[in-house]
Amino acid sequence: MTEPNEAARIAALSELIAWAERRERLSEDRADAVAGAWRTGTRNVAELARLARVSRDTIYADLAARAIDLSSREQDIQDPQKVGGVPLRGDSVRIVARIADSVARPAFAHDPGDPLVRATLAASQALRTMADVLEPPSDQGPGWTPRETLPSLAGDGEELAYHSRQALAALAEPAELAAQSDSRRQALLHTGRHAVVDGASFTLALPTGGTITLQVGRDETGWTSLTSDSPLVVGEADSLDHLEAQAALEVLARIATRHLTEAALAEHRKDAPPGSRPPRTRYIPSNES
């Protein structure tokens, strides 16, 4: 057997061993999840088996492993906040990252220009980075402490947001985007605890040297305006410009709000602002008739 083939064989066996170890950990995670669902009120073993995609015998074993007595179906239903969970672990997140990566990379090879594909790839990268933050790799040399990897995680999130806005800009009409921004502005003000930035003026340092001043604001419809007295700035804001600018203004508003005194804020309101959309609700199908 040649040396390259032997190296490949050892690598494949290592992956197989790692997979077996991950499967054991996933079984523990599944038992915790099954027990949590039972304690919070799902007492149908068939439904639990269907959702977990395992046999009923496996569900019975998971419940027994978590000391749940199935003979007493009248057990008190626990508040989800009081049900014991498990801490976030790097190995568990890394498994999810590999699954996401196995979906994202073939899609990227098929259509690398699709913003939703690129957003999916950014999400899978964010999961990998999160796993490294939770459990820094010990065999990769220096540079893997949380203080060094968290900036990368933030960058992954920003890339995900950027490609998501690209996709939205291609789908929505400008009037719809403007109305959404105006509604978002009203909703933040409605809480009484958040200020908003209606406009900002900043100095732009140019790669060629020198600086220019640029103003970013909103018109009466909520659409982004870009103005400058420099001839080097041309064109009006397009849909992606609008979404990016409004996101940047919201970040500035969050920073400013953290430094406001109570005299600048109002009593906290929890009611929905007038004209707000109803919340989206995801329904999980049940096998019960």
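Bear in mind that the values here come from a model prediction, so they are computed numbers and not experimental data.

### Brief notes about the pairing of strand β3 (residues 224-227)
In this sheet, β3 lies alongside strand β2 (residues 211-218) in antiparallel orientation, the contact comprising four bridges. Counted as the bridge partner of Q215 is T227 from β3. In this structure, the hairpin formed by β2 and β3 is closed by a connection of five residues, where G222 is found at a positive phi of approximately 105°.

### Let's talk about the layout of surface pockets
Each pocket or cavity is described by its volume, and for the largest pocket that value is around 620 Å³. Surrounding the largest pocket, 15 residues form its lining, Q180, S183, R184, S276 and R277 being those nearest its centre. Its residues assigned to classes, the lining of the largest pocket comprises six nonpolar, five polar and four charged.

### A short note on helix α5 (residues 115-134)
For the α-helix, the turn length of 3.6 residues means that residues three or four positions removed from each other point alike. Taking 1.5 Å per residue as the helical rise, α5 with its 20 residues ought to reach 28 Å, and the 28 Å between its terminal C-alpha atoms agrees with that figure. Packing partners of the buried residues in α5 comprise α4 (90-110) and α6 (146-171). Sitting at the amino-terminal end of α5 is D114, which places a side-chain oxygen 2.9 Å from the backbone nitrogen of L116.

### Observations concerning helix α8 (residues 239-257)
The terminal C-alpha atoms of α8, which comprises 19 residues, lie 27 Å apart, in line with the 27 Å expected from a rise of 1.5 Å per residue. Looking at α8, one finds that the buried residues are S239, L240, H242, L243, A245, Q246, L249, A253 and T257. Where α8 is buried, its residues meet α6, α7 (174-190), β1 (199-205), β2 and β3. The residue sitting at the N-terminus of α8 and contributing the capping side-chain oxygen is D238; that oxygen lies 3.2 Å from the backbone nitrogen of L240.

### Some thoughts on the sheet that holds β3
Strands sit in the order β1-β2-β3 across an open sheet of three strands; the sheet is antiparallel. With one partner strand each, in any of the chains shown, β1 and β3 form the two edges of the open sheet. Strand-to-strand twist across the sheet, computed as the mean angle between neighbouring axes with direction ignored, equals 20°. When β1 meets β2, the two strands line up antiparallel, connected through seven bridges. The partner of F202 across the bridge, within β2, is L214. In the packing of α8 onto the sheet, the strands contacted are β1, β2 and β3, and the crossing angle to β2 comes to about 90°.

### Regarding the environment of R147
Relative to the elements of secondary structure, R147 occurs in helix α6. Spatially, the C-alpha atom of R147 lies 8.4 Å from that of V133, the residues being 14 residues apart in sequence.

### What about the side chain of D62?
As for its placement among the helices and strands, D62 is situated in helix α3 (residues 56-65). Taking relative accessible area as the criterion, D62 reaches 6% and is therefore assigned buried. A distance of 2.7 Å separates a polar atom in the side chain of D62 from a polar atom in the side chain of R30. Among all residues touching D62, those that are not within four sequence positions of it are R30, A31 and V34.

Cut-offs applied
Residues numbered from 1 in each chain as written. Predicted model: local features only at pLDDT ≥ 70, side-chain atom pairs only at ≥ 80, totals over all residues. Heavy atoms only, no water. Pairing = 2+ DSSP bridges. Helix = DSSP H or I, 4+ residues; strand = E, 2+ residues; numbered from the N terminus. 1 Å grid on protein atoms, 1.4 Å probe; cavity = no way out; pocket = protein on both sides within 12 Å on 5 of 7 lines; lining within 4 Å. Points joined across faces, edges and corners; volume = space filled by probe spheres on them. Nonpolar A, V, L, I, M, F, W, Y, C, P; charged D, E, K, R; others polar. Expected span 1.5 Å × (residues − 1). Contact = heavy atoms within 4.5 Å. Polar contact = N/O pair within 3.5 Å; in protein donor to acceptor, adjacent residues only side chain to side chain. Buried < 20%, exposed > 50% of the residue type's maximum accessible area, 1.4 Å probe, protein only. Axes fitted to C-alpha atoms, helices over the stretch in contact; angles between N-to-C directions.

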